[in-house]
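Listed below are the residues making up each chain.
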Amino acid sequence: MAFDNTQTETPTTQPQDPAAQQPSEQSHNGHSPSEAQEHSAQNLVSSTLSDHQDVATTPQAHGEPAPAHAESEHEQPQPAQTETPAAAPSSPAPAAPAKRSEKEPAEDFASALESFEQEQAQAEAALNDEQIVSGHVLKVTPQYVVVDIGYKSEGVVPVAEFTDHEGNVTVQPGDEIAVMREPGHTEEGYINLSHQKAQRLRAWDEIEKAYNEKAPVKGRVIDRIKGGLTVDIMGARAFLPGSQADLRPLRNLDGLKGHEIEVRIIKLNKKRGNIVVSRKQLLEEEQSEKRTKTLDHLEEGAILTGAVKNLTDYGAFVDLGGIDGLLHVTDMSWGRLTHPHDLVQVGDQIQVKVLKFDRDKQRVSLGFKQLTPDPWLDAAERYPVGAHVRGRVISVTDYGAFIELEQGIEGLVHVSEMTWSKRMKHPSKLVSVGNQVEAVVLNVNPTERRISLGLKQLESNPWETLHEKFPVGTVVEGKVRNLTEFGAFIEIEEGIDGLVHVSNLSWIKRVKHPSEVLKKGDKVRAIVLAIEPDQRRLSLGVKQLQPDVWETFFDQHRVGDVIHGKVLRLASFGAFVEIANGVEGLCHNSEAVDSHGTPIKLESGQEFDFKIIKMNQAEKKVGLSIRAVGEEASRADVEAYKAPASSTSGAGSTIGEFMSWKRASSESS
């Protein structure tokens, strides 16, 4: 440090050489700033000397010699070159005029430096008094905004004070801003400054006025913090609690960031710099004012315009102006509506009709569909029976599909009216939600708001022409589609199934279940037995493809014939006997006796000779007897028996009656 060396080494030269005293004062003044600012002060002195050099050159225009000034300028910042008092007498005499020429610029420089330092001291005092000063932005770094405030050292403001909610810096070099000094310096020697503090103090008078008058002020939401939001009001930061942000608690406070809102100051502490604001108070006052105006003309039947405020599963709440009304989902559309958001969205402006109004409870029921006529009023005229219509499938159920013909008009296609086939398991196999389909109107009931539709009516009914394609007696071929306890369904063509009853499966076998004869998927041949188009029934037979064994038996046998048979099963009244393949006869207990009249105990599997004593072709019944086998009668005896019987009663006779008559004749003789 050059100034310090001069001061300590030449203390005795100050009273003898006035020219040497000036650098000592300069050195003393150079050490007045704090040690943290020493480096900046030395730079400032060098800058000031350079400025003084420019001022010192001006006398050249008035005839003063320039070299003398140049020499003085170079000697002035080097006071260490002054030597001890013993060196002064050795200086040559012609040098005295040169020292007088250096004295004047040294005094001018000292005066200028002292004046400059006084101004800087005043500026620093102003900053220390928390006064607002203006500065110019020199540059913007990632951490600071460097500001020239006219002091010997620049100041810095944290760049966060100029960052908006999107992270953008709002100042650039050359901008003029207001700042206030903060305590301390940075490591680089810059003065700590605050822009927000200056803005807050500048706006404080207006904020106090608004607080005292309870007047609303505008601010911009800049950040989300714990418990609420930070709002910028004329440069001052205020706190907006989350509970005061809206009439109802907001789930997403971030949605207000960046928005300009109007608030009221509800708490103010200037000493601590705390400001608390409320948006809810202003909204409540605004709502109360609107409610008063709305209630003046709110009545049932009135048509009003409102904004959709909220949506629920059961409807929408509409703000009519300070009072909310419920628009139920059933009153939104004449047609089917799964959810309110299919028709309206939050914020939509819609017209509604007041359906009910409870003034005491301030409950309002609204309607939207009531603004248009009920489409069912003339539905019968617009959709006559037999008309072909088009619509969109909006729902599919187990029993059918609903088709929307227009908004508010829906028709049902029952599952039975979808296809002529009986095999369809579910309507979803034919139609899906969203399909555009054509249908035929089958019935219209405006009172019950129902329309019956049909899809199969668009095609010709195959049952109506079935007689022509498959007359009775026609042999058909098809695939076994299904088996039930009472028979088998056989598909003879697409959508046409015929039933083979279990009794028509075999002539000779008693079939208990069709699975004993057929399997699902088998291809079989059958004969058409009957057709009922109205009932959509087709009767088929399989056994009819073979000759009827009963008919053959009756053609080949007569009463009195003795045949061999096998006992199949027993009953309490007798035994059933197989007398031909597929033909059974009944031997009653009274006829199961031997020639001596002793009863014979019949058992399954036993074989005997039986005599046919009765035949009924219509009922397919044959009466058998073991006892009658040994009783032979001549043809003449038979004719003799028949003659009186036919002459007296005209009734038919049986071989049993004949045998009884013969026994009676023998006993009498």
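Residues numbered from 1 in each chain as written. Predicted model: local features only at pLDDT ≥ 70, side-chain atom pairs only at ≥ 80, totals over all residues. Heavy atoms only, no water.

**Looking at the pattern of salt bridges**
Considering all chains together, one arrives at 19 salt bridges under this definition. The partner of Asp378 in a salt bridge is Arg382, and the shortest N-O contact between them spans 3.0 Å. Given the relative accessible area of 33%, Asp378 is considered partly exposed. One salt-bridge network, held together by shared partners, links Arg248, Lys309 and Asp324. (Salt bridge = Lys/Arg side-chain N within 4 Å of Asp/Glu carboxyl O. Buried < 20%, exposed > 50% of the residue type's maximum accessible area, 1.4 Å probe, protein only.)

**A look at the pairing of strand 8 (residues 236-241)**
Taken together, the six bridges between strand 7 (residues 228-233) and strand 8 define a ladder with antiparallel strand orientation. By the bridge assignment, Leu229 is partnered in strand 8 with Leu240. Connecting strand 7 to the next strand, strand 8, in antiparallel fashion are two residues, including Met234 with a positive phi near 55°. (Pairing = 2+ DSSP bridges. Helix = DSSP H or I, 4+ residues; strand = E, 2+ residues; numbered from the N terminus.)

**Here's the deal with the environment of Pro216**
Relative to the helices and strands, Pro216 resides in strand 6 (residues 216-225). Residues Pro216 and Leu282 lie 66 residues apart in sequence; the distance between their C-alpha atoms is 7.7 Å. In this structure Pro216 touches Glu262, Val263 and Leu282, once residues within four positions along its chain are discounted. (Contact = heavy atoms within 4.5 Å.)

**Section: the pairing of strand 2 (residues 144-148)**
As paired strands, strand 1 (residues 133-140) and strand 2 are joined by four bridges and run antiparallel to one another. For His136, the partnering residue across the bridge sits in strand 2 and is Asp148. Counted along the chain from strand 1 to the antiparallel partner strand 2, the turn is three residues long. Sheet topology note: the strand 2/strand 3 (residues 155-158) ladder contains four bridges and is antiparallel. Within the sheet, the bridge partner assigned to Val146 lies in strand 3 and is Val156. The hairpin formed by strand 2 and strand 3 contains six residues between the paired strands, and Gly150 there has a positive phi angle of roughly 85°.

**Brief notes about the sheet that holds strand 27 (residues 574-580)**
Paired through backbone hydrogen bonds, the strands of a sheet run either parallel or antiparallel to each other. In spatial order, the strands read 26-27-28-30-29; together these five strands close into a barrel with mixed pairing. In this sheet, neighbouring strand axes are inclined to one another by 50° on average, regardless of whether the strands run parallel or antiparallel. Across five bridges, the pairing between strand 26 (residues 562-571) and strand 29 (residues 607-616) is antiparallel. From the neighbouring strand, Lys566 faces strand 29, where its bridge partner is Glu607. (Axes fitted to C-alpha atoms, helices over the stretch in contact; angles between N-to-C directions.)

**As for the environment of Leu240**
Looking at the secondary structure, you find Leu240 in strand 8. Between the alpha carbons of Leu240 and Thr230 there is a distance of 6.1 Å; along the sequence they are 10 residues apart. Residues within four places of Leu240 in sequence aside, it is in contact with Gly228, Leu229, Val231, Ala245, Ile261, Val277, Ser278 and Arg279.

**Overview of the packing of aromatic side chains**
Per the counting criterion, the structure on display carries five aromatic pairs. With centroids separated by 6.2 Å and ring planes inclined at 85°, the aromatic side chains of Phe573 and Phe576 adopt a geometry described as edge-to-face. Ring geometry for Phe608 and Phe610: centres 6.1 Å apart, planes at 75°, overall edge-to-face. Owing to a relative accessible area of 0%, Phe610 belongs among the buried residues under this scheme. The ring of Phe576 carries Arg569 above its face, with NZ or CZ at 4.6 Å from the centroid. (Phe/Tyr/Trp six-rings, centres within 6.5 Å; stacked < 30°, edge-to-face > 60°. Lys NZ or Arg CZ within 6 Å of the ring centre and 35° of its normal.)

**As for unusual backbone geometry**
Residue Lys214 is not a glycine yet carries a positive backbone phi of 55°. Relative to the helices and strands, Lys214 resides in the loop between helix 6 (195-213) and strand 6. Positive phi, normally seen in glycine, also occurs at Arg536, with a value near 50°. For Arg536, the location among the structural elements is in the loop between strand 24 (523-532) and strand 25 (537-541).

**Structural notes on the sheet that holds strand 5 (residues 191-194)**
What the five strands build is a closed barrel, ordered 1-2-3-5-4; its pairing is mixed. Averaged over all neighbouring strand pairs, the angle between strand axes comes to 55°, with direction disregarded. Those strands touched by helix 6 are strand 3, strand 4 (176-185) and strand 5, and its axis lies near 115° from that of strand 4.

**Some words on the environment of Asn212**
On the secondary structure map, Asn212 appears in helix 6. Through-space distance from the C-alpha of Asn212 to that of Ile266 is 9.7 Å; in sequence the pair is 54 residues apart.

**Points about the side chain of Asp331**
Along the polypeptide, Asp331 turns up in the loop between strand 13 (324-328) and strand 14 (349-358). Buried and unpaired, Asp331 has Lys369 as its nearest opposite-charge partner, separated by 4.5 Å. If near-sequence neighbours (up to four positions away) are discounted, Asp331 is found in contact with Leu355, Leu366, Gly367, Phe368, Lys369 and Gln370. (Lys, Arg positive; Asp, Glu negative; His and termini not counted.)

**Concerning the confidence of the model for the protein**
In this model, the protein carries an average pLDDT of 76, and 75% of its residues clear a pLDDT of 70 or more. Considering only residues more than four positions removed or in separate chains, one finds that residues 633-639, a stretch of pLDDT under 50, has seven contacts. (pLDDT = per-residue confidence, 0-100.)

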